[in-house]
Amino acid sequence: MAITQGSGSFPPFHGPLLARVWDKSEAQREARMAGAHCHAEGQLCGAVDGLLTVQAGGTLWMVPAAHAIWIPPYCEHGIDPHGQFDGWAMLINASLCRGLPEQPCILKVSGLLWEAVKRAALWDEQHWDETRDPLVAVIAAEIRSLPGAPLGLPMPTDPRLLRIARALLDDPADSRDLAGWAQWAGLSARTLTRRFPLETGLRFQHWRQRARLLRALERLASGMPVTTVALELGYNTVSAFIAVFRETFGVTPGRWRG
């Protein structure tokens, strides 16, 4: 993959960073332009409304409103907006990335960072003014200090396990148990039980539940009713879905959607 300076609507730049804030139509166009790619700069992508799905670092990430994903330099990634998405992104020169996370991660965006991003998006990108340097330092410090969020789904690399993972993402309501999935993929239940946490850091059932919940975020962002989401994801009752969602995210599905 070619390494380029700039990405999508981002032109090459010489200052420490370059920011963009997009409305719904612009976000969709940017995602189509960028495709799967990587670049020499670090990137911070955030959601103001709606949801982003990001493939990066062997993990499927969900970026809901008031969150952002940090993508370090040279990390291949692809971005897909869902629902009525408004968002923003920032490219950060590699020299400023020292001390920032070395792996992709989801961050809870502070009011300070959001205001700094909006200010940076107004800057003239062709000429760097050193009076901007203090705000750049604030942005870097905020990235380092913001709390993380459990919104990533690590993907296995073993072809048999990856086949199972992709099938579950395509159809989260599939009711087969661990033994059934093992037989379908051509390995023993014991091997599946042992290898899945080694490759993903999650036991199979925990990974499956997280996959369902992250798919739930996509459906909720598109405006699907909570009852329909619960049934499409294979929950026996709507109340069971709401309980699991609240335990994981701290709010009910209806409250999360706002």
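Everything below is about the structure printed above this text.
Remember, it's a predicted structure, so these values are computed and weren't measured experimentally.

Notes on the overall build of the protein
In terms of regular secondary structure, the protein is built from 10 helices and seven strands. Expected size for 258 residues packed as a compact globule is a radius of gyration near 18 Å; at 19 Å, the protein falls within 12% of this value. When the backbone C-alpha atoms are referred to their principal axes, the protein occupies close to 60 × 35 × 30 Å. Taken over 258 residues, the protein has a buried fraction of 49%. A fraction of 71% describes how many contacts in the protein between residues 6 or more apart in sequence connect residues 24 or more apart. Carbon and sulfur atoms provide 51% of the accessible area of the protein, an area that totals close to 12300 Å². For the protein, the distance from the average site of its 26 positive side-chain charges to the average site of its 25 negative ones is 9 Å.

Some details on the packing of aromatic side chains
Following the criterion strictly, the structure yields nine aromatic pairs and no others. One aromatic cluster is present, built from ring pairs that chain together Tyr235, Phe241, Phe245, Phe249 and Trp256. Lying across the ring of Trp128, Arg132 places its NZ or CZ 5.0 Å from the centre. Between the NZ or CZ atom of Arg163 and the centre of the ring of Trp184, over which it lies, the distance is 3.9 Å.

As for the packing of helix α4 (residues 159-170) against helix α6 (residues 189-200)
Contact geometry of α4 with α6 gives a least axis separation of 11 Å together with a crossing angle of 80°. Considering the angle they form, α4 stands roughly perpendicular to α6. When α4 is examined against α6, the residues Arg160, Leu161 and Ile164 are found in contact with a partner set consisting of Leu192, Arg195, Phe196 and Glu199. Of the residues in the contact of α4 with α6, the class split is four nonpolar, no polar and three charged.

Notes on the layout of surface pockets
As a volume, the largest pocket reaches approximately 220 Å³. Gln55, Ala56, Gly58, Thr59 and Met155 are the residues nearest the centre of the largest pocket, which is lined by 14 residues in total. Mapped by element, the contributors of at least two residues to the lining of the largest pocket are β2 (42-56), β5 (77-92) and α4. Across the lining of the largest pocket, the residue classes tally to five nonpolar, seven polar and two charged.

Regarding the environment of Ile164
In this structure, Ile164 sits in helix α4. For Ile164, the residues in contact, after removing those within four places along its chain, are Trp181, Trp184, Ala185, Leu187, Leu192 and Phe204.

Each value, and the rule that gives it
- Residues numbered from 1 in each chain as written.
- Predicted model: local features only at pLDDT ≥ 70, side-chain atom pairs only at ≥ 80, totals over all residues.
- Heavy atoms only, no water.
- Helix = DSSP H or I, 4+ residues; strand = E, 2+ residues; numbered from the N terminus.
- Rg over C-alpha atoms; globule rule 2.2 N^0.38 Å.
- Buried < 20%, exposed > 50% of the residue type's maximum accessible area, 1.4 Å probe, protein only.
- Contact = heavy atoms within 4.5 Å.
- Areas by Shrake-Rupley, 256 points an atom, 1.4 Å probe, with all protein chains shown as cover.
- Lys, Arg positive; Asp, Glu negative; His and termini not counted.
- Charge placed at Lys NZ, Arg CZ, Asp CG, Glu CD.
- Phe/Tyr/Trp six-rings, centres within 6.5 Å; stacked < 30°, edge-to-face > 60°.
- Lys NZ or Arg CZ within 6 Å of the ring centre and 35° of its normal.
- Axes fitted to C-alpha atoms, helices over the stretch in contact; angles between N-to-C directions.
- Parallel < 35°, antiparallel > 145°, perpendicular 65-115°, else oblique.
- Nonpolar A, V, L, I, M, F, W, Y, C, P; charged D, E, K, R; others polar.
- 1 Å grid on protein atoms, 1.4 Å probe; cavity = no way out; pocket = protein on both sides within 12 Å on 5 of 7 lines; lining within 4 Å.
- Points joined across faces, edges and corners; volume = space filled by probe spheres on them.

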